[in-house]
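Inside the fold
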Amino acid sequence: ISTNMQKEYYSHNTHTHTQRTKPDTLASRLLNNSPTNNTIDITIGKRVPLEGKELEDHLARAAKKKQEEEKMDVEDDGEDTDEEGEDEEALVQRHDVPIPEEVQYKKKQSFFKQHKVYPMFPYHEEKLRWDEYGEIIKHEHFTVDDEIYREENPDVEKAAVVPDMPEEIPTKCVTSRIKTQVNCRVKFIDFEGRSDGESIKRILSAVLKPRQMIIIHGTPDSSRHLAEFCSKSKDMGVSHIFVPGVGETVNATSERHIYQVKLKDALVTAAKFSRAKDAELAWIDAVIGIQMTEEKEQVAVLEALPTKSSHTPVFINEPRLSDLRQVLNKNGIQADFNGGVLVCNGKVAIRRSTAGKVQLEGTVCDDYYKIRSLLYSLYAII
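Residues numbered from 1 in each chain as written. Predicted model: local features only at pLDDT ≥ 70, side-chain atom pairs only at ≥ 80, totals over all residues. Heavy atoms only, no water.

A few words on the layout of surface pockets. Approximately 580 Å³ is the volume found for the largest pocket. Lining the largest pocket are 19 residues, and of these Ile-200, His-217, Gly-218, Ser-222 and Leu-226 lie nearest its centre. Counting residues per element, the ones that place at least two in the lining of the largest pocket are helix 5 (197-208), strand 7 (212-214) and helix 6 (220-232). Of all the elements, helix 6 adds the most residues to the lining of the largest pocket, at 4 residues. Of the residues belonging to the lining of the largest pocket, the class tally is 7 nonpolar, 8 polar and 4 charged. Roughly 460 Å³ of volume is contained in the second largest pocket. Lining the second largest pocket are 17 residues, with Ala-270, Trp-283, Ile-284, Asp-285 and Lys-308 positioned closest to its centre. In the lining of the second largest pocket, the residues fall into 9 nonpolar, 5 polar and 3 charged. (1 Å grid on protein atoms, 1.4 Å probe; cavity = no way out; pocket = protein on both sides within 12 Å on 5 of 7 lines; lining within 4 Å. Points joined across faces, edges and corners; volume = space filled by probe spheres on them. Helix = DSSP H or I, 4+ residues; strand = E, 2+ residues; numbered from the N terminus. Nonpolar A, V, L, I, M, F, W, Y, C, P; charged D, E, K, R; others polar.)

See the structure below:
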């Protein structure tokens with residue numbers, strides 16, 4: 001957006017917003033601006049060079065900062081040069097040049113043959129310096145003297161002298177507020193792919209049906225409105241709805257009532273376990289009692305009821321019809337799909353209802369009971 005909006009040819013154009021704008025921004029003020037009032041305040045910032053007192057203060061601060069950096073560099077270099085100086089002093093005091101052979105022969109003569117000694121020049125092994133990027137590179141090893149280069153290459157023309165670039169002039173930002181006329185049309189087209197309020201309500205009540213909700217990333221009014229809708233909705237049945245504010249902590253643990261109980265040996269022995277995938281399940285009719293341990297601690301104990309009560313069997317593990325078809329074929333029963341229904345030996349039909357339950361229909365015969373027992377074998381019945 002610029003002040004060019006006030007030009008005449010801009011009245012034929014449209015400025016389109018494809019995302020929701022944040023409050024108190026120029027884009028939000030453009031969208032919320034009334035059609036009758038087509039003027040808007042704009043804050044324009046531009047950089048101007050420093051002058052007078054401000055320029056002097058800036059240069060003084062820059063010079064002080066540069067002196068501090070140079071001082072720190074000198075201190076760092078001093079620590080490294082101390083070590084090098086000690087090595088150079090040791091090199092001056094001690095040389096690796098041995099005594100010449102003729103002098104050594106005059107001073108000490110031996111009956112045994114002596115090894116030939118070769119004189120050596122002093123050699124100083126320079127210590128390598130490195131930082132976090134590796135060995136420090138000495139730039140003087142790679143620079144080429146211009147005079148030597150011109151002597152070796154007389155045919156090469158002298159390179160043009162590049163003038164030194166002027167230093168960057170310090171500037172400051174100056175803001176000004178102006179009123180401009182908005183002649184173009186301002187439209188909002190939702191390209192974010194987000195759901196609106198009605199869609200969110202429909203998805204929550206018809207598809208998700210959550211038991212607990214934490215509403216975030218919304219304005220306070222919209223969050224409260226959605227929380228009221230979910231709490232009053234009869235289709236959802238939400239037990240807890242949290243609308244935390246900024247910096248507020250919410251305990252999102254769903255299993256808040258978990259206790260450890262001890263089972264008596266008689267109760268475990270009497271239980272009949274059925275395997276369901278990687279777990280073993282059993283139905284237990286018991287009552288929780290409190291028992292004191294030797295350490296005088298209270299422990300919850302499950303005790304069997306004195307009288308056994310019957311219960312409706314529970315079927316766990318909903319098998320797929322394709323898996324059931326393989327089991328039936330292995331046991332000599334011809335099973336084929338016909339319109340989503342598994343037809344077995346032309347006598348029994350197995351289908352899945354809209355609620356997800358498996359329904360078994362057919363004439364009462366030996367195949368019916370055999371197919372039913374095979375179907376029950378795929379469940380864990382407790």
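For the rest of this paragraph, the subject is the pattern of salt bridges. Counted according to the given criterion, the structure contains 8 salt bridges. Residue Asp-57 pairs with Lys-53 through a salt bridge whose shortest N-O separation is 3.7 Å. You can see Asp-57 and its partner Lys-53 sitting in helix 2 (residues 52-93), 4 residues apart, about one turn around the helix. (Salt bridge = Lys/Arg side-chain N within 4 Å of Asp/Glu carboxyl O.)

Between its terminal C-alpha atoms helix 6 stretches 18 Å, which fits the 18 Å expected from 13 residues at 1.5 Å a residue. Among the residues making up helix 6, those that are buried are Ser-223, Leu-226, Ala-227 and Cys-230. One face of helix 6 carries all of its buried residues, which in axial projection span an arc of 100°. Exposed side chains of helix 6 directed beyond 90 degrees from the buried face belong to Asp-221 and Lys-232. (Expected span 1.5 Å × (residues − 1). Buried < 20%, exposed > 50% of the residue type's maximum accessible area, 1.4 Å probe, protein only. Arc of directions from axis to C-beta.)

Turning next to the sheet that holds strand 13 (residues 298-304). Strands sit in the order 9-13-12 across an open sheet of 3 strands; the sheet is mixed. Strand pairing shows two members of the sheet lacking a second neighbour, strand 9 (261-263) and strand 12 (286-292), which therefore form its edges. The mean inter-strand angle of the sheet, taken between neighbouring strand axes irrespective of direction, is 40°. As paired strands, strand 9 and strand 13 are joined by 3 bridges and run parallel to one another. Looking across to strand 13, one finds that Val-261 is bridged to Ala-300. (Pairing = 2+ DSSP bridges. Axes fitted to C-alpha atoms, helices over the stretch in contact; angles between N-to-C directions.)

Attention now moves to the environment of Ala-276. Tracing the chain through its elements places Ala-276 in strand 10 (residues 274-276). When its relative accessible area of 8% is taken as the criterion, Ala-276 is described as buried. In this structure the C-alpha to C-alpha distance between Ala-276 and Asn-317, which are 41 residues apart in sequence, comes to 6.7 Å. Setting aside residues up to four positions removed in sequence, Ala-276 forms contacts with Leu-281, Ile-316, Asn-317 and Ala-380. (Contact = heavy atoms within 4.5 Å.)

Attention now goes to the packing of aromatic side chains. Under the criterion given, the structure shown has 3 aromatic pairs. Consider the rings of Phe-315 and Tyr-379, whose centres lie 5.3 Å apart with planes at 90°: the pair is edge-to-face. Residue Phe-315 is found in strand 14 (residues 315-316), and its partner Tyr-379 is found in the loop between helix 9 (366-377) and strand 19 (380-381); the two are separated by 64 residues along the sequence. Using a relative accessible area of 37% as the deciding quantity, one classes Phe-315 as partly exposed. A residue is classified by how much of its surface remains accessible, and Tyr-379, at 13% relative accessible area, is buried. Through a chain of ring-to-ring contacts, three or more aromatic side chains come together here, namely Phe-315, Tyr-376 and Tyr-379. Positioned above the aromatic ring of Phe-229 is the side chain of Lys-201, whose terminal nitrogen or guanidinium carbon lies 5.1 Å from the ring centre. (Phe/Tyr/Trp six-rings, centres within 6.5 Å; stacked < 30°, edge-to-face > 60°. Lys NZ or Arg CZ within 6 Å of the ring centre and 35° of its normal.)

With that settled, the discussion passes to the nonpolar core. Leu-324, Leu-328, Leu-342, Cys-344, Val-348, Ile-350 and Ile-371 are the most contacted members of the largest nonpolar core, which totals 16 residues. Contributions of two or more residues to this core are made by helix 8 (321-330), strand 16 (341-344), strand 17 (348-352) and helix 9. Broken down by element, the residue count for this core peaks at 4 residues, all from helix 9. Ignoring any residue separated from it by four or fewer positions in sequence, one finds Leu-324 in contact with Leu-342, Ile-350, Leu-375 and Leu-378. Counting residues in each nonpolar core, the second largest holds 8 residues, with Leu-204, Leu-226, Met-236 and Val-238 among its members. (Core = buried A, V, L, I, M, F, W, Y, C linked by side-chain atoms within 4.5 Å.)

A word on the confidence of the model for the protein chain. In low-pLDDT segments, the atomic positions of the prediction should not be examined closely. Looking at the protein chain as a whole, its pLDDT mean stands at 76, while 78% of the residues score no less than 70. The model gives residues 90-96 a pLDDT under 50, and that stretch makes 6 contacts with residues more than four places away or in other chains. (pLDDT = per-residue confidence, 0-100.)

Attention now moves to the pairing of strand 13. Pairing of strand 12 with strand 13 involves 7 bridges; the strand directions are antiparallel. Looking at the pairing, Ile-288 lines up with Leu-302 of strand 13. With antiparallel pairing between neighbouring strands as the criterion, strand 12 and strand 13 make up a hairpin whose turn holds 5 residues, including Lys-296 at a positive phi of roughly 60°.

The next subject is the sheet that holds strand 18 (residues 358-362). The 4 strands lie next to each other as 15-16-17-18, forming an open sheet whose pairing is antiparallel. Across the chains shown, the open sheet's two edge strands, defined by having one partner strand only, are strand 15 (335-338) and strand 18. When strand polarity is set aside, the average angle formed by the axes of neighbouring strands in this sheet is 25°. Pairing of strand 17 with strand 18, which is carried by 5 bridges, proceeds in the antiparallel orientation. Each bridged residue has a counterpart across the sheet, and for Ala-349 the counterpart in strand 18 is Glu-361.

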